[in-house]
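# Structural description and commentary
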Amino acid sequence: MKILLYNPDNGVTRNFMPHLWMFLLQALTPSGHEVLLVDGNAQPMDEAGIARFVRDNNIGLVGIGAMTRMIAKAYRMADAVRAVGVPVVMGGPHVTEMADEALGRDGGRRHADAVALGEADATWPRIVADAARGQLKDVYAPVDDFGQESKPSLKEYPVIPWQSIDLKQFNLVPKAATAMLQKIGEGWGTFRIIPVESGRGCPYGCEFCTVTGFFGDSIRFRTNESVVNELLLLKARARGEKGQMAVFFIDDNFAINIKRTKSLLRDIIAAGAQCHWVAQISANLLRDEELVDLIAASGGKWIFIGMESIDPANLKDVNKGFNKPGEYAAVLERLAQRNVYAITSFIFGMDNDTVGAAERTLEQVRTWPPGLPIFGLLTPLPATPLYKRLEKAGRLTRPKHWQEFIPFAMAHTPLKMTIDEAHAEVKHGWDQAYSPEALAHAVDSMKDQPLGYRLNIFIARLCFRGIYFPMMGKMAWVKVIAQNRRTIFKLVREGFKAGAWRGAPARVPAVPVPAVEAAEAIVQGAEG
Ligand code: B12
Ligand code: SF4
């Protein structure tokens, strides 16, 4: 049987990082079946397109995975597939919580023939076998023989055959530039950001987050050896095609067990498996100097930190009191001293937020080492404690907000401001943090650093701005470049002075493109 695994586009930006679930399920598919992958972010498709693809390729089963914000598109695509008589199984965080919606048991239209609840590592082979026999069940739950919920231990993690997977759709280097870029340094003919997981689960239970409910509070890790081997495989592939890659460790909290993280990073270094990487780590875990040393030594470049708010009352409200705004500056300094920078994520529209929350946050941000601040709105995702609290209090204004996804729009009324005011806060955050003045300030604040690091920050900020303020057309880019011309001239002039443009490698960006692209990847996390 031929199987298509499809991930819908996110409705806002092109995704530069593929979704791990597709590669994982492909690797877990029993032999005898062929699995094709289509990521709608990289390979845009509409309903007619997927129906045609399914017919032309003689697909026998379509698997669709989606987060809440993409679910409306996922349902439309599923409907189109089912209309040509091919069964659809859906999985991922949204349908796990809203299985009845996907199966049409809530009075709405049925979109999926089957739903895989929770982690599908163990259920996927069963789903494929049942589909091949034409006997799909409605619901596949990850339970053991006694009906008890069972989670994969990750000790037996499958080998994802990165050396042979078709990754064309995920190459971020334009085709026309490939031949030329292959000749630069070790080669830039391809560049990809690859998701790698080293563990699952987070026990912290922040009120707005799906993770603790979905993956459980039991934390599970792969063996160091299996992670290291995966990195070596990825590095070998990049080298083989005269290209580059960066890794996004998608663990929700990469240092949740500091001892284990240190041991993994030491093993990465010992095996020569260092690569440029990004990971999400909460601020409280970055107090440890040795951990930060190992992050830098193993290739860590950007750390995503869910700061959420600079107001302790807000943090307490969402059960994230372990974040201590008083230590944010020290944490960021500790990273910056090792040339590791942070993507700092803030949420507006929290219950203690009042008008001016964005400006108050920016005042703090300006005193920190430069990084990439991102701003989102508190979003009640289905089945989260936040959703339940707001529903009970009758505060949801769009209880099924996912049925009509609107980027950067609240679905409930904040307590101390209006919805419009919350929207204005998030806009102010982005406008100010990415203004030409803010970009110039970020570059100047690093004047003691090598040109490469300063360029790195500048380009990353430009790209982030480009994502939030749609800059699809050439003219939009020209405008932004014109607005930032002073900083650009300054960097170019310094480059000439330092000889960087005549090929003095130490002065050129440490990792310009990976950092930028990874940063781009993360900006999509701005919906809190
Ligand atoms: C990496 C990541 C991202 C990346 C992008 C996604 C990518 N390209 O990989 C970035 C950083 C850009 C991102 C952004 C966002 N993310 Co995000 N992200 C994650 C993260 C940390 C890892 C995803 C992952 O690969 N997990 C590992 C794989 C193996 O797990 P999985 O995807 O769930 O797949 C398993 C099962 O769900 C199932 N499954 C999944 N799909 C399918 C399909 C089929 C057919 C079947 C059978 C089974 C199946 O099988 C898999 C194996 O067990 C998750 C949290 C988490 N730990 O999962 C959040 C998470 C998915 N993100 C979330 C959210 C809300 C967002 C954002 C809206 C903002 C935010 N607060 O983070 C943005 C929006 C993104 C956008 N614009 O598209 C939520 C989604 C909740 C929901 N109900 O939708 C999660 C769960 C985290 C959270 N805070 O609650 N994210
Ligand atoms: S927001 Fe981060 S720290 Fe909080 S529960 Fe989710 S994954 Fe854990």
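As the structure is a prediction and not an experimental result, all values here were calculated from the model. Starting from 1, residues in each chain are numbered consecutively following that chain's sequence as written. Chain letters and ligand numbers both follow the written order, the letters beginning at A and the numbers at 1. Restriction of local features to residues with pLDDT of at least 70 applies here, the model being predicted, together with a cutoff of 80 or more for giving and counting side-chain atom pairs; totals for whole chains, interfaces and linings are based on all residues. The basis for every side-chain value is the complete set of heavy atoms in the structure, and neither hydrogens nor water enter the calculation.

### So, the overall build of the protein chain
Numbering of helices and strands starts at the N terminus; helices are DSSP runs of H or I of at least 4 residues and strands are runs of E of at least 2. For the protein chain, the helix and strand inventory stands at 21 helices and 14 strands. Put simply, the radius of gyration uses C-alpha atoms, and a globule should come to 2.2 Å times the residue count raised to 0.38. By the compact-globule yardstick of 24 Å for 528 residues, the protein chain fits well, its C-alpha radius of gyration being 23 Å. Across its three principal directions, the C-alpha atoms of the protein chain cover 70 × 55 × 50 Å. Across the 528 residues that make up the protein chain, the buried fraction comes to 56%. Partitioning the contacts of the protein chain with sequence separation of at least 6, the portion at a separation of at least 24 is 72%. Surface summary for the protein chain: the accessible area is close to 22,000 Å², and the carbon and sulfur share equals 55%. Only four residue types enter the charge count: Lys and Arg as positive, Asp and Glu as negative, with His and the chain ends excluded. By convention, the charge on Lys lies at NZ, on Arg at CZ, on Asp at CG and on Glu at CD. Across the protein chain, 61 positive and 57 negative side-chain charges occur, with their mean positions spaced 6 Å apart. Three labels apply to residues, based on accessible area from a 1.4 Å probe with only protein chains included: buried if under 20% of the type maximum, exposed if over 50%, partly exposed otherwise in between. The contact criterion used throughout is that any non-hydrogen atoms of two residues lie within 4.5 Å. Note on areas: Shrake-Rupley, 1.4 Å probe, and residue coverage restricted to the protein chains presented here.

### Structural notes on the packing of aromatic side chains
When two rings of Phe, Tyr or Trp (its six-membered ring) have centres within 6.5 Å they constitute a pair, described as stacked for plane angles under 30 degrees, edge-to-face for angles over 60, and tilted for the intermediate range. Summed over all chains, the structure comprises 16 aromatic pairs. Ring centres of Phe23 and Trp162 lie 4.8 Å apart, and the angle between their planes is 55°; on these two criteria the pair is classed as tilted. Here Phe23 is found in helix 1 (residues 20-28), whereas its partner Trp162 is found in the loop between strand 6 (139-140) and helix 7 (175-182), with 139 residues between them in sequence. Accessibility classification places Phe23 together with Trp162 in one group, the buried group. Note on Phe346 and Trp368: the rings are 6.3 Å apart at their centroids and 20° apart in plane angle, and the pair reads as stacked. Highlighted residues: Phe346 in strand 13 (residues 341-348) and Trp368 in the loop between helix 14 (357-365) and strand 14 (372-377), separated in sequence by 22 residues. Here Phe346 falls in the buried class, since its relative accessible area comes to 1%. For Trp368, a relative accessible area of 8% corresponds to the buried category.

### Some thoughts on the packing of helix 14 against helix 16 (residues 419-433)
Direction vectors running N to C along helix 14 and helix 16 enclose 30°, while the axes themselves pass 8 Å from each other. With respect to helix 16, the element helix 14 is oriented roughly parallel. Like other packed secondary-structure pairs, helix 14 and helix 16 cross with a definite hand, here right-handed. Touching Ala357, Ala358, Glu359 and Leu362 of helix 14 are Glu425, His428, Gly429, Gln432 and Ala433, all from helix 16. As a rule, the C-alpha atoms of each element are fitted with a line to give its axis, helices using only the stretch in contact, and angles between N-to-C directions run from 0 to 180 degrees. Angle categories: roughly parallel below 35 degrees, roughly antiparallel above 145, roughly perpendicular from 65 to 115, and oblique for all the rest. Helix crossings get a hand from a simple test, with the near helix turned counterclockwise from the far one by less than a right angle marking a left-handed crossing and a clockwise turn marking a right-handed one.

### Observations regarding the site of ligand 1
We call a residue near a molecule or strand as soon as one heavy atom of that residue lies within 4 Å of the molecule or strand. The full set close to ligand 1 counts 43 residues, and Thr68, Arg69, Asp121, Thr210 and Asp252 are the nearest of them. Pairs of N or O atoms within 3.5 Å make up the polar contacts considered here, provided that, within protein, one atom can donate a hydrogen while the other can accept it, and that residues adjacent in sequence are counted only when both atoms are side-chain atoms. Measuring from a nitrogen atom of ligand 1, one finds a side-chain N or O atom of Asp252 at 2.6 Å. Within the residue set of the shell around ligand 1, elements represented by two or more residues are helix 1, strand 3 (61-65), strand 4 (88-91) and helix 8 (211-215).

### Description of the packing of helix 2 (residues 47-56) against helix 3 (residues 71-83)
Between helix 2 and helix 3, the least distance of the axes is 8 Å, while the angle of their chain directions is 40°. When the interaxial angle is binned, helix 2 and helix 3 end up oblique. Between helix 2 and helix 3 lies a crossing whose hand is right-handed. Of the residues in helix 3, those touching helix 2 at Glu47, Ile50, Ala51 and Val54 are Arg76, Met77, Ala80 and Val81. Grouping the amino acids of the contact of helix 2 with helix 3 by side-chain chemistry returns six nonpolar, no polar and two charged. Residues are sorted three ways: Asp, Glu, Lys and Arg are charged, Ala, Val, Leu, Ile, Met, Phe, Trp, Tyr, Cys and Pro are nonpolar, and all the rest, Gly among them, are polar.

### Points about the pattern of salt bridges
Salt bridge criterion: a side-chain nitrogen from Lys or Arg within 4 Å of a carboxyl oxygen from Asp or Glu. The final tally for this structure, using the stated rule, is 35 salt bridges. With its nearest N and O atoms 2.6 Å apart, the salt bridge here joins Glu230 to Arg222. The partner of Arg338 in a salt bridge is Asp293, with the nearest N and O atoms 2.6 Å apart. A residue pair is termed long-range when its members are at least 10 positions apart, and Arg338 in the loop between helix 13 (328-336) and strand 13 and Asp293 in helix 11 (residues 289-298) qualify at 45 residues. Salt bridges sharing partners connect three or more residues here, namely Glu119, Asp121, Glu149, Lys151, Glu197, Arg200 and Arg220.

### Observations concerning the sheet that holds strand 10 (residues 244-249)
If you trace the six strands from one edge of the open sheet to the other, you get 7-10-11-12-13-14, paired in parallel fashion. Each edge of the sheet is formed by a strand with only one pairing partner; in this case those strands are strand 7 (191-196) and strand 14. In this sheet, adjacent strand axes meet at a mean angle of 20° when their direction is disregarded. Whether two strands pair comes down to DSSP finding at least two bridges between them. For strand 12 (residues 300-308) and strand 13, the ladder comprises six bridges, and the chain directions are parallel. Its bridge partner lying in strand 13, Ile305 is registered against Thr344. Helix 9 (residues 224-240) contacts strand 7 and strand 10 of the sheet and is inclined by roughly 155° relative to strand 10. Contacts from helix 13 reach strand 12 and strand 13, with the element oriented near 175° to strand 12.

### Points about the site of ligand 2
In the neighbourhood of ligand 2, the contacting residues comprise Cys202, Tyr204, Gly205, Cys206, Phe208, Cys209, Thr212, Asp252, Lys320 and Phe322. Class assignment of the residues belonging to the shell around ligand 2 gives a composition of six nonpolar, two polar and two charged.

### Digging into the side chain of His111
Considering the arrangement of structural elements, one finds His111 in the loop between helix 5 (99-102) and strand 5 (114-116). Using a relative accessible area of 12% as the deciding quantity, one classes His111 as buried. A polar side-chain atom of His111 sits 3.3 Å from the main-chain carbonyl oxygen of Arg109. Excluding residues within four positions of it along the chain, His111 makes contact with Tyr75, Ala78, Asp79, Arg82, Val88, Glu101 and Ala102.

### A few points about the side chain of His412
Along the polypeptide, His412 turns up in the loop between helix 15 (385-392) and helix 16. Aside from chain neighbours lying at most four places away, what touches His412 is Gly349, Leu378, Pro380, Leu390, Arg395, Leu396, Thr397 and Ile419.

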